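Notes for the structure review
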Amino acid sequence: MQRGNGVRDTFGTDALRLLLAVADTGSFTAAAQRLAYTQSAVSRRIAALERQAGGPLFVRLPRGVRLTPAGAALHRHATEVLDRLARAEGELAAIHAGRGGTLRVGAFATANIALVPAALRAFTRARPEVEVVVVEGRSDALVQRLADGALDIAVVSDYPSGLPSAEGVTTDALLADELYVGLPRDHRLAASADPVQLGDLRDESWIQDAPAGGHPALLLDACAQAGFAPRKLIRVAEWSGKFGYVAAGLGVALVPSLALWAVPPDLALRPLAPPFPRRTVHTALPPSPLPAARLLADLLRAAARDPDERTGPATNARSQPSC
């Protein structure tokens, strides 16, 4: 049988293993014993392989056989092919056991500050042979990438438009992400012993991110619940930039608990008094999760239960009023 390009599609793995066994033992009889075949079956199968190869692969000697030049060439390729197939089988077995391959992890930006790194630290200790690739994006895009098979697990949020969904993708709640307010150290409310009323910040400039062409929905919702609209918005995308602006006294910022690890010491963090919105953070998995993805989901749940892993050990100190 030939493919359209003229190459015979004939060299199955059993035939190649038989070729190697005959070449290694130098005898049809010895190869038959090694592979639990009859000697006549080996002779027939080698003859069929030679027909498929287009010529003799072995020189028949009075005692045994040896490879022809064509047989030596096929022997070299057979060795490479069977070795690669064996390695492929091992790699697939490792992936299915959660002990090899690549794990593609997606997360929204704030989750990548402390929650995801804490879980990945534990994961890489438990599964050092698994290569981890991290992709950052917005929750709706991450869920779609899961559905498309481009990610193995994602950490997503239900704010501001509800939890995104896609066919076959399942989610599990990890934690409620509470809001703090970041203030310059010399702000009049930085030393307050009580939670800050958002209405007391109605005259402040706000340092916030917003989707391209959109508005910072989290901030606007929080301010609306407090009965005002922000007087001025300064749009800064990265958390390091937001914190820098706040530290310089250029405004204040809402800081979700997931971002607390990254807050520099020259900012004051104060809890907000209710009512204020909060978002729920979830893990999302595709229809047939890899064992490695399931393990990471367990480790994310463990990290979410540990406030030091999620928000940083210095959070309480930074939240206390100055003396």
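Look up a bit, the structure's there.
A brief structural summary.

Points about the overall build of the protein chain
Check the secondary structure of the protein chain and you find 11 helices and 12 strands. Of all 323 residues assigned to the protein chain, the portion counted as buried reaches 43%. For the protein chain, the computed accessible surface area is about 16500 Å², with 51% contributed by carbon and sulfur atoms.

Notes on the packing of aromatic side chains
Under the defined criterion, the tally for this structure stands at two aromatic pairs. Look at Phe28 and Phe58: their rings are 6.2 Å apart centre to centre, the planes differ by 90°, and that puts the pair in the edge-to-face class. With Phe28 in helix H2 (residues 28–35) and Phe58 in strand E1 (residues 58–60), this pair connects stretches of sequence that are 30 residues apart. Its end group placed over the ring of Trp239, Lys242 keeps NZ or CZ at 3.8 Å from the ring centre.

Focus on the sheet that holds strand E10 (residues 253–256)
Spatially, three strands are ordered E10-E7-E11 in an open sheet, and the strand pairing comes out antiparallel. A strand with exactly one partner marks an edge of an open sheet, and here the two such strands are E10 and strand E11 (267–271). On average, adjacent strands in this sheet sit at an angle of 40° to one another, irrespective of strand direction. Here strand E7 (residues 179–184) runs beside E10; their pairing, made up of four bridges, is antiparallel.

Quick word on the packing of helix H1 (residues 13–25) against H2
Contact geometry for H1 and H2: axes closest at 8 Å, N-to-C directions at 125°. The angle between H1 and H2 places the two elements in the oblique class. Here the hand of the crossing between H1 and H2 comes out right-handed. For the pair formed by H1 and H2, the contact residues are Leu18, Ala21, Val22, Asp24 and Thr25 on the first element and Phe28, Ala30, Ala31, Arg34 and Leu35 on the second. Its residues placed into classes, the contact of H1 with H2 shows seven nonpolar, one polar and two charged.

Topic: the sheet that holds strand E12 (residues 279–285)
With respect to topology, five strands assemble into an open sheet ordered E4-E3-E5-E12-E6, the strand pairing being mixed. Strands at the two margins of the open sheet, each flanked by one partner only, are strand E4 (131–136) and strand E6 (170–177). This sheet shows a mean twist of 20° between the axes of neighbouring strands, independent of strand direction. Relative to E12, E6 is paired through seven bridges, and the arrangement is antiparallel. In the sheet register, Ala176 faces E12, and the bridge partner there is Thr280. Its contacts with the sheet put helix H6 (residues 139–147) on strand E3 (102–107), E4, strand E5 (153–157) and E12, and the angle it makes with E5 is roughly 150°.

The rules we used
Numbers given to residues run from 1 along each chain, matching the order in which its sequence is written. Whole-chain, interface and lining totals are the exception, using all residues; otherwise, since this is a predicted model, local features are given only for residues with pLDDT of at least 70 and side-chain atom pairs are given and counted only at 80 or more. Values shown for side chains rest on all heavy atoms present in the structure; no hydrogens or waters enter the calculation. Here a strand is any run of E in DSSP of at least two residues, a helix any run of H or I of at least four, and the numbering for each starts at the N terminus. Whether a residue is buried, partly exposed or exposed follows from its accessible area with a 1.4 Å probe, protein chains only, as a fraction of its type maximum: under 20%, in between, or over 50%, in that order. Working definition of accessibility: Shrake-Rupley area with a 1.4 Å probe, residue cover restricted to the visible protein chains. Stacked, edge-to-face and tilted are the three classes for Phe, Tyr and Trp ring pairs, Trp counted by its six-membered ring, which pair at centre distances within 6.5 Å; planes under 30 degrees apart are stacked, over 60 edge-to-face, the rest tilted. To sit over a ring, a charge needs its Lys NZ or Arg CZ within 6 Å of the ring centre and within 35 degrees of the ring normal. DSSP calls a pair of strands paired once it identifies at least 2 bridges connecting them. To get an axis, a line is fitted to the C-alpha atoms, and for a helix only the part in contact is used. The angle between two axes follows their N-to-C directions and goes from 0 to 180 degrees. Here the angle decides the label: under 35 degrees means roughly parallel, over 145 means roughly antiparallel, 65 to 115 means roughly perpendicular, and every other value means oblique. The handedness criterion is simple: a crossing whose near helix is rotated anticlockwise from the far helix by less than a right angle is left-handed, and one whose near helix is rotated clockwise is right-handed. It only takes one pair of heavy atoms within 4.5 Å for two residues to be counted as in contact. Amino acids outside the nonpolar list (Ala, Val, Leu, Ile, Met, Phe, Trp, Tyr, Cys, Pro) and the charged list (Asp, Glu, Lys, Arg) are all regarded as polar, and Gly is one of them.

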